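Residue-level structural notes
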Amino acid sequence: MAQPDDLFGDEDYPAYTMGRAAEIVGTSQDFLRRLDELKFITPQRSAGGHRRYSRYQLRLAVRAREMVDQGTAVEAACRIIILEDQLEEARRINAERHPT
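- Going by the annotation in an unreviewed UniProt entry, the name recorded for the chain is MerR family transcriptional regulator, with Dactylosporangium darangshiense given as the source organism.

**Some remarks on the overall build of the chain**
- On a plain count of helices and strands, the chain comes out with five helices and three strands.
- Ordered by position from N to C terminus, the α and β elements of the chain give α-β-α-α-β-β-α-α.
- Each principal axis of the C-alpha atoms in the chain carries an extent, and together these give about 50 × 40 × 20 Å.
- The 100 residues of the chain split such that 26% are buried.
- Counting only contacts in the chain whose residues sit at least 6 apart along the sequence, the fraction spanning at least 24 positions is 58%.
- Entry remark: accessible area of the chain is about 6900 Å², with carbon and sulfur atoms responsible for 51%.
- Side chains of the chain give 15 positive and 17 negative charges; the mean places of these two sets differ by 3 Å.

**Points about the side chain of Ser 54**
- Within the secondary structure layout, Ser 54 lies in the loop between strand E3 (51-53) and helix H4 (55-69).
- According to the relative accessible area criterion, Ser 54 is buried, its value standing at 2%.
- Within the structure, Ser 54 has its side chain in polar contact with the backbone oxygen of Glu 11 (distance 3.4 Å).
- For Ser 54, the residues in contact, after removing those within four places along its chain, are Glu 11, Asp 12, Tyr 13, Pro 14 and Tyr 16.

**Focus on the UniProt feature "domain: HTH merR-type" (unreviewed entry) in the chain**
- In the numbering adopted here, UniProt assigns the feature "domain: HTH merR-type" (unreviewed entry) to residues 15-83.
- Between the end C-alpha atoms of residues 15-83 the distance is 26 Å, and the span holds 61% helix and 10% strand.

**A short note on the pattern of salt bridges**
- Taken as a whole and judged by the stated rule, the model has 13 salt bridges.
- Here Asp 85 ties to Arg 63 by a salt bridge, and the two come within 3.0 Å at their closest N and O atoms. In this pair, Asp 85 is assigned in helix H5 (residues 74-97) and Arg 63 in helix H4, connecting sequence segments 22 residues apart.
- Relative accessible area serves as the criterion here: at 28%, Asp 85 is assigned to the partly exposed category.

**As for the nonpolar core**
- Core analysis: the biggest nonpolar cluster contains 19 residues, and Leu 32, Leu 35, Phe 40, Ile 41 and Tyr 53 have the highest contact counts within it.
- For this core, the secondary-structure elements that each account for two or more residues are helix H2 (18-25), helix H3 (29-37), H4 and H5.
- When residues in this core are grouped by element, the largest group, five residues, is from H4.
- When neighbours within four sequence positions are excluded, Leu 32 is seen to be in contact with Met 18, Ala 21, Ala 22, Thr 27, Tyr 53 and Ala 61.

How each quantity is defined
- Residues numbered from 1 in each chain as written.
- Predicted model: local features only at pLDDT ≥ 70, side-chain atom pairs only at ≥ 80, totals over all residues.
- Heavy atoms only, no water.
- Helix = DSSP H or I, 4+ residues; strand = E, 2+ residues; numbered from the N terminus.
- Buried < 20%, exposed > 50% of the residue type's maximum accessible area, 1.4 Å probe, protein only.
- Contact = heavy atoms within 4.5 Å.
- Areas by Shrake-Rupley, 256 points an atom, 1.4 Å probe, with all protein chains shown as cover.
- Lys, Arg positive; Asp, Glu negative; His and termini not counted.
- Charge placed at Lys NZ, Arg CZ, Asp CG, Glu CD.
- Polar contact = N/O pair within 3.5 Å; in protein donor to acceptor, adjacent residues only side chain to side chain.
- UniProt positions renumbered as here; feature names shortened; annotations may be inferred.
- Salt bridge = Lys/Arg side-chain N within 4 Å of Asp/Glu carboxyl O.
- Core = buried A, V, L, I, M, F, W, Y, C linked by side-chain atoms within 4.5 Å.

Written out as structure tokens, the structure reads:
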């Protein structure tokens, strides 16, 4: 079992409530709910059913919010980010398999 000190460095630990996450991201709670509805970010749920977000999820939400602020539809922003991340992962794997 992870110790409390170990969790501070865990990017995937769901440390943030919806209200705090919205504050950090600089958006509304409705925007975070929309990202959940689109299955872009699926927060964990507390025992009481409340959404809990990780730092990694907050970074994704910030990227989506920035694109939406620039006029991109939220659905398109989510898809673009997913494709960008898939491309980056493919490049990383390719570089490991074929070092220069």
